[in-house]
Amino acid sequence: MKRVLNIVPVPVPPEALDAFAAQLSGDFVHPAFENVFVSARNGGGALDSAYETTLADAFVLDAGCRAEEQGYVGVCVNSMSDSALAALRSRLSIPVVAPSQATMLLACLLGRKFSVITMWPQWHELYHKAARENGITSRLASVRDIGVRPDTAELLAGKEDFVFAALEREAKTAIAEDGADVIILGSTTMHRSHAHLSTVLDVPVLNPGVVAYKMCEMLVQTGLSHSKQAYPSPERPQDDLLAAVVSVFTSEEF
């Protein structure tokens, strides 16, 4: 069985990890693959600022830097923050994939312009940063939000009716007014809205956690990984640097 490590970049309780893992239920996963979900031991919470995303980078690197020696065949960062993507690619030789980059590049394959529909304005810069870093700012039609603070523990539970309607409204506005012909969900915490939006919108709707995982799976199956010319390995790895930091949750160590 080929194991893929999926890292949620903020500390969440074990039951919340089950909700994140539900993204990859059903037929999404090839029978030869198994997904393991973990969260960062400490660090950021809502990823609402450069301060928090920097903390997340450190603890996602901490969570994934040993993945290769632990027998994983790939790593997925389960957040549109793409936390520690470049750092993990530097540390590891196995494929490392993250949702913003994966979904935006796929959106460019499927249409001319894409919009990101997200939860709140504090996340807008995550998507603009990803578009800049990948050289595709001209393909980003807009970023729209519904003004609802995200909940990394409960995800959308209990808010489906209101949130689904609001996301639908913003997505339709992005298509009609901003020129989007592909819609990207702005967070892996929003995966429960994908089925609804795919039904009511007449353009492709990309579910970021699924897209990133399937990209990772494809790379493993084809024997491809990131270029070490682009992501050179460190001369002196320091994988235990954050070992003394106390975990927010005292669940089983991975």
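For the structure itself, look to the data block above.
Source: prediction; values computed, not measured. Every chain is numbered independently, its residues counted from 1 as its sequence is written. Per-residue local features of the predicted model are confined to residues with pLDDT of at least 70, and side-chain atom pairs are confined, for both listing and counting, to 80 or more; whole-chain, interface and lining totals are unaffected and use all residues. Each side-chain value is derived from all of the structure's non-hydrogen atoms; neither hydrogens nor water enter the calculation.

Q: Would you mind going over the state of the cysteines with me for this structure?
A: By definition, a disulfide links two cysteine residues through a covalent bond between their sulfur atoms. In this description, a disulfide is simply a cysteine sulfur pair whose atoms lie within 2.5 Å. Per the stated rule, a full pass over the model turns up 0 disulfides. Of the cysteine sulfurs around Cys108, a residue in no disulfide, the closest is that of Cys76, at 20 Å. By relative accessible area, Cys108 is classed as buried at 19%. Cys216 takes part in no disulfide bond, and the closest cysteine sulfur, belonging to Cys76, lies 4.0 Å away. Throughout, exposure labels follow a simple rule: accessible area from a 1.4 Å probe, protein chains only, divided by the maximum for the residue type, with under 20% read as buried, over 50% as exposed, and the rest as partly exposed.

Q: Can you help me understand the environment of Leu201 in this one?
A: The topology assignment puts Leu201 in the loop between helix H7 (194-200) and strand E8 (205-206). The class for Leu201 is buried, based on a relative accessible area of 8%. Separated by 178 residues in the primary sequence, Leu201 and Gln23 have C-alpha atoms spaced 20 Å apart. Beyond its immediate sequence surroundings of up to four residues, Leu201 is in contact with Glu168, Ala171, Lys172, Ile175 and Ile183. Helix numbering and strand numbering both begin at the N terminus, where a helix is a DSSP run of H or I of at least 4 residues and a strand a DSSP run of E of at least 2. Residues count as neighbours in contact if any of their non-hydrogen atoms are within 4.5 Å of one another.

Q: Hey, could you run me through the pairing of strand E6 (residues 140-145) in this one?
A: In summary, the side chains of a regular strand alternate between the two faces of the sheet. Pairing between two strands requires that DSSP report at least two bridges joining them. As judged from the 5 bridges shared by strand E5 (residues 114-118) and E6, these two strands associate in the parallel manner. Bridged to Val116 within E6 is Val143. In this fold, E5 hands off to helix H5 (residues 124-133), which returns the chain to E6; that crossover is right-handed. For a crossover, the right-handed case is the one in which the path from the first strand over the helix to the second runs clockwise, viewed with the strands pointing away from the viewer.

Q: It is not clear to me how the nonpolar core should be interpreted in this structure. Could you clarify?
A: Nonpolar side chains tend to gather and get buried jointly when the protein is soluble and globular. By convention a nonpolar core is built from buried Ala, Val, Leu, Ile, Met, Phe, Trp, Tyr and Cys residues, the set being connected through side-chain atoms within 4.5 Å. Judged by nonpolar contacts, the single largest core of 60 residues is most densely connected at Met104, Phe114, Val116, Tyr127, Ile183 and Ile184. Here this core takes 7 residues from helix H8 (residues 208-222), the largest share from any one element. For the domains described, the bounds stem from an automatic or database domain assignment. Each of domain 1 (2-99 + 210-222) and domain 2 (100-207) accounts for three or more of the residues forming this core. Ignoring anything within four residues of it in the chain, the contact list for Ile184 reads Met80, Thr103, Met104, Ala107, Phe114, Ser115, Val116, Ile117 and Leu206.

Q: Please clarify how the sheet that holds strand E1 (residues 2-8) should be interpreted in this entry.
A: Backbone-to-backbone hydrogen bonds pair the strands of a sheet. The strands run either parallel or antiparallel. Pairing is parallel across the open sheet formed by 4 strands, whose spatial order is E2-E1-E3-E4. Every interior strand has two partners, whereas the edge strands, strand E2 (33-39) and strand E4 (96-97), have only one. Relative to strand E3 (residues 74-77), E1 runs parallel, the two sharing 4 bridges. Of the residues in E3, the one forming a bridge with Leu5 is Val75. Docked against the sheet, helix H1 (residues 14-21) engages E1 and E2, running at close to 140° with respect to E2. Here an axis means a line fitted to C-alpha atoms, over the contact stretch when the element is a helix, while the angle between two N-to-C directions is reported on a 0 to 180 degree scale.

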